Amino acid sequence: MSATARPEIVVDLAAVRHNLRTIDALVGDDVATMAVVKADAYGHGALEVARAAREAGTPWLGVATVPEALALREAGDVGRLLCWLVLPGEDLTAAVAADVDVTAATTAHLDLLARAVEASGRPARVQLKVDTGLSRSGSTAEAWPALVAAARAGELEGRWRVTGVWSHLAAAEEPEHPANAQQAAAFHAALAVVEEAGLRPEVRHLANSAAALLHPDLRLDLVRIGLATYGLDPAPDVAHGTDLRPAMTVTAPLTMVKQVPEGTSVSYGWRWSAPAPTTLGLVPVGYADGLPRAAAGNDRPGPAGAPAEVEVGGRRRPLRGTVCMDQVVVELGPAGTEVGAAVGDVVRLVGPAPAPSAQEWAQACGTISYEIVTRLGGRLVRRHVDSEEGA
Ligand SMILES: *Cc1c(COP(=O)(O)O)cnc(C)c1O
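Residues numbered from 1 in each chain as written. Predicted model: local features only at pLDDT ≥ 70, side-chain atom pairs only at ≥ 80, totals over all residues. Heavy atoms only, no water.

Caption draft 1: Spatial organisation of the packing of helix 7 (residues 144-156) against helix 8 (residues 178-196). Packing of helix 7 against helix 8 leaves a shortest axis separation of 9 Å and a crossing angle of 35°. When you trace helix 7 past helix 8, the crossing you get is right-handed. Along its contact with helix 7, which presents Trp144, Pro145 and Val148, the element helix 8 presents Ala190, Val193 and Val194. Its residues placed into classes, the contact of helix 7 with helix 8 shows 6 nonpolar, no polar and no charged. (Axes fitted to C-alpha atoms, helices over the stretch in contact; angles between N-to-C directions. Helix = DSSP H or I, 4+ residues; strand = E, 2+ residues; numbered from the N terminus. Left-handed = near helix turned anticlockwise from the far one by under 90°. Contact = heavy atoms within 4.5 Å. Nonpolar A, V, L, I, M, F, W, Y, C, P; charged D, E, K, R; others polar.)

Caption draft 2: Local environment of the site of the ligand. Neighbouring the ligand are 14 residues, the closest being Lys38, Tyr42, Ser209, Leu227 and Tyr370. Take tyrosine 42: an N or O atom from its side chain is 2.6 Å from an oxygen atom of the ligand. At a separation of 2.5 Å, an oxygen atom of the ligand approaches a polar side-chain atom of serine 209. About the coverage of the ligand: the protein hides 95% of its 390 Å² of free accessible area. The cavity that encloses the ligand is the largest pocket. (Near = heavy atom within 4 Å. Polar contact = N/O pair within 3.5 Å; in protein donor to acceptor, adjacent residues only side chain to side chain. Areas by Shrake-Rupley, 256 points an atom, 1.4 Å probe, with all protein chains shown as cover. 1 Å grid on protein atoms, 1.4 Å probe; cavity = no way out; pocket = protein on both sides within 12 Å on 5 of 7 lines; lining within 4 Å. Sits in = over half its atoms within 2 Å of the grid points.)

Caption draft 3: Structural detail: the sheet that holds strand 9 (residues 222-225). The strand order around the closed barrel formed by 8 strands is 2-3-4-5-6-7-8-9, and the pairing between neighbours is parallel. Sheet twist, expressed as the average angle between the axes of neighbouring strands with direction ignored, equals 30°. Inspection of the sheet shows strand 2 (residues 32-36) paired to strand 9 by 4 bridges, in the parallel sense. Paired with alanine 35 across the bridge in strand 9 is isoleucine 225. Contacts from helix 1 (residues 13-27) reach strand 2 and strand 9, with the element oriented near 150° to strand 2. (Pairing = 2+ DSSP bridges.)

Caption draft 4: View of the nonpolar core. Ranked by internal contacts, the top residues of the largest apolar core, which has 116 residues, are Leu128, Leu349 and Trp361. Residues contacting leucine 349, with those up to four places away along its chain left out, are Val250, Thr251, Ala252, Val283, Val285, Leu291, Glu309, Val310, Pro356 and Trp361. The next biggest cluster of nonpolar side chains, apart from the first, holds 7 residues, and it includes Val260, Leu280, Leu282 and Val329. (Core = buried A, V, L, I, M, F, W, Y, C linked by side-chain atoms within 4.5 Å. Buried < 20%, exposed > 50% of the residue type's maximum accessible area, 1.4 Å probe, protein only.)

Caption draft 5: Expanded view of helix 3 (residues 46-55). Buried within helix 3 are the following residues: Ala46, Val49, Ala50, Ala52 and Ala53. For helix 3, the buried positions fall inside an angular range of 165° around the axis, keeping them on one side. In this fold, the buried residues of helix 3 make contact with helix 1, strand 2, helix 2 (38-43), strand 3 (60-65) and helix 4 (66-74). Positive phi shows up at glycine 57, right after helix 3, with a value of about 90°. (Arc of directions from axis to C-beta.)

Caption draft 6: Quick peek at the sheet that holds strand 1 (residues 8-12). What the 9 strands build is an open sheet, ordered 11-14-17-16-15-18-10-1-19; its pairing is mixed. One side of each edge strand has no neighbouring strand; the edge strands of this open sheet are strand 11 (256-260) and strand 19 (381-385). In this sheet, adjacent strand axes meet at a mean angle of 35° when their direction is disregarded. Alignment of strand 11 against strand 14 (residues 278-283), held across 5 bridges, turns out to be antiparallel. Along strand 14, the bridge assignment pairs lysine 258 with leucine 280. With respect to the sheet, helix 10 (residues 358-365) is in contact with strand 15 (309-312), strand 16 (315-320) and strand 18 (346-350), its orientation differing from that of strand 18 by roughly 70°.

Caption draft 7: Inspection of helix 1 at higher detail. The terminal C-alpha atoms of helix 1, which comprises 15 residues, lie 21 Å apart, in line with the 21 Å expected from a rise of 1.5 Å per residue. Burial runs high along helix 1: 11 of the 15 residues are buried. Buried within helix 1 are the following residues: Leu13, Ala14, Ala15, Val16, Arg17, His18, Asn19, Leu20, Thr22, Ile23 and Val27. Contacts made by the buried residues of helix 1 are with strand 1, strand 2, helix 3, helix 9 (209-214), strand 9 and strand 19. Taking the backbone nitrogen of alanine 14 as reference, a side-chain oxygen 3.0 Å away marks aspartate 12 as the first, capping residue of helix 1. (Expected span 1.5 Å × (residues − 1).)

Caption draft 8: Spatial organisation of the layout of surface pockets. By volume, the largest pocket amounts to about 620 Å³. In terms of lining residues, the largest pocket is bounded by 33 residues, among which Glu173, Asn208, Pro234, Ile368 and Tyr370 are the most central. Class assignment for the residues of the lining of the largest pocket results in 18 nonpolar, 8 polar and 7 charged. (Points joined across faces, edges and corners; volume = space filled by probe spheres on them.)

Caption draft 9: Spotlight on the packing of aromatic side chains. As enumerated under the stated definition, the model contains 3 aromatic pairs in all. Members of the aromatic cluster, connected to one another through ring pairs, are Tyr42, Tyr230 and Tyr370. (Phe/Tyr/Trp six-rings, centres within 6.5 Å; stacked < 30°, edge-to-face > 60°.)

Caption draft 10: Representation of the pairing of strand 10 (residues 248-253) in the model. Burial within strand 10 is extensive, with 6 of its 6 residues counted as buried. Neither face of strand 10 is left uncovered, since the one carrying Met248, Val250 and Ala252 and the one carrying Thr249, Thr251 and Pro253 both have all their residues buried. Note: strand 1 against strand 10, 4 bridges, orientation antiparallel. Residue valine 11 lies in a different strand from strand 10, and its bridge partner there is methionine 248. Bridge analysis of strand 10 against strand 18 gives 4 bridges, and the strand direction is antiparallel. Of the residues in strand 18, the one forming a bridge with valine 250 is valine 350.

Here you go:
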């Protein structure tokens, strides 16, 4: 019972350190680990997670954009840091001045870097990205030799050092998917071009969380760990036994509890009606806070899917009726089985067991846990704790 509890996201930084140390031990001494903290660390708080990652000994951080990288530098991070999304015509001067490794996928990106090198008066660090089959960013195989040659020329002129060569996988969480072997072969072919040109990058990398866990042969020099940093399973359909701890817990107090008779219809559209007398609880978190509207399960076309659940007093309770912008209704139990919950009792929406996992929410919504955690926010207040502090 906590009458003043507010809806919040609680992030345990000890879990982040545990997950990164677990992966570091798994991949061994010859493979470096990068904690991917893009998108505000998948909704967990980039600055705090970055600090926890460094405390855990993680040598690399990765982000998508230049502003994300600069925010980490402004917060005092001085370690190796890679970004991989360059906008057309983007000014990379601050990134070069801040010693950020910038990814180049085209010679246009190298041109932007050359400008930044002149403006900042210091050499850049560049990593070359090749598209091996995701068909997203990355140089095509056709353009690769010219990109590599231009990168080598710039390195010989002292403009930059080519610190890395990398690519990204399309289906690492599906171990039998043919993309994995095809992309690995394409990457090794791209590396042969790099070697041939005389480049000697420090790190060659291909693996995300799922590949780091499931494909030892794809770990190469470095693994880029996003989802697993946060203790979420990047390959929920594959048994791998890696001990990951979810770092995020989302809680809110019950704001109202009411007994209702059989046949009572709930929320917008009356999409759910009580088949028997029951007890409803009101939770002050809605889709404006990132709770997916699709999680109600009853609002999708076709046969009604199972709704997402929350945990109250150690028991799972289903969402009932449509998720609203600011609130959602849960069923605390048909009459006689309710947990005796009262206004002010804490509801755990997402978190370590017995709370539902982000993966369970994803299943209820037909999406992936990445989307669940990155969207949670809105009016939820985020707070960081350290469950090992003083331990
Ligand atoms: C987001 C991202 C990652 C991390 O992927 P996870 O599946 O979360 O581990 C790695 N590399 C790149 C290029 C990414 O964009």
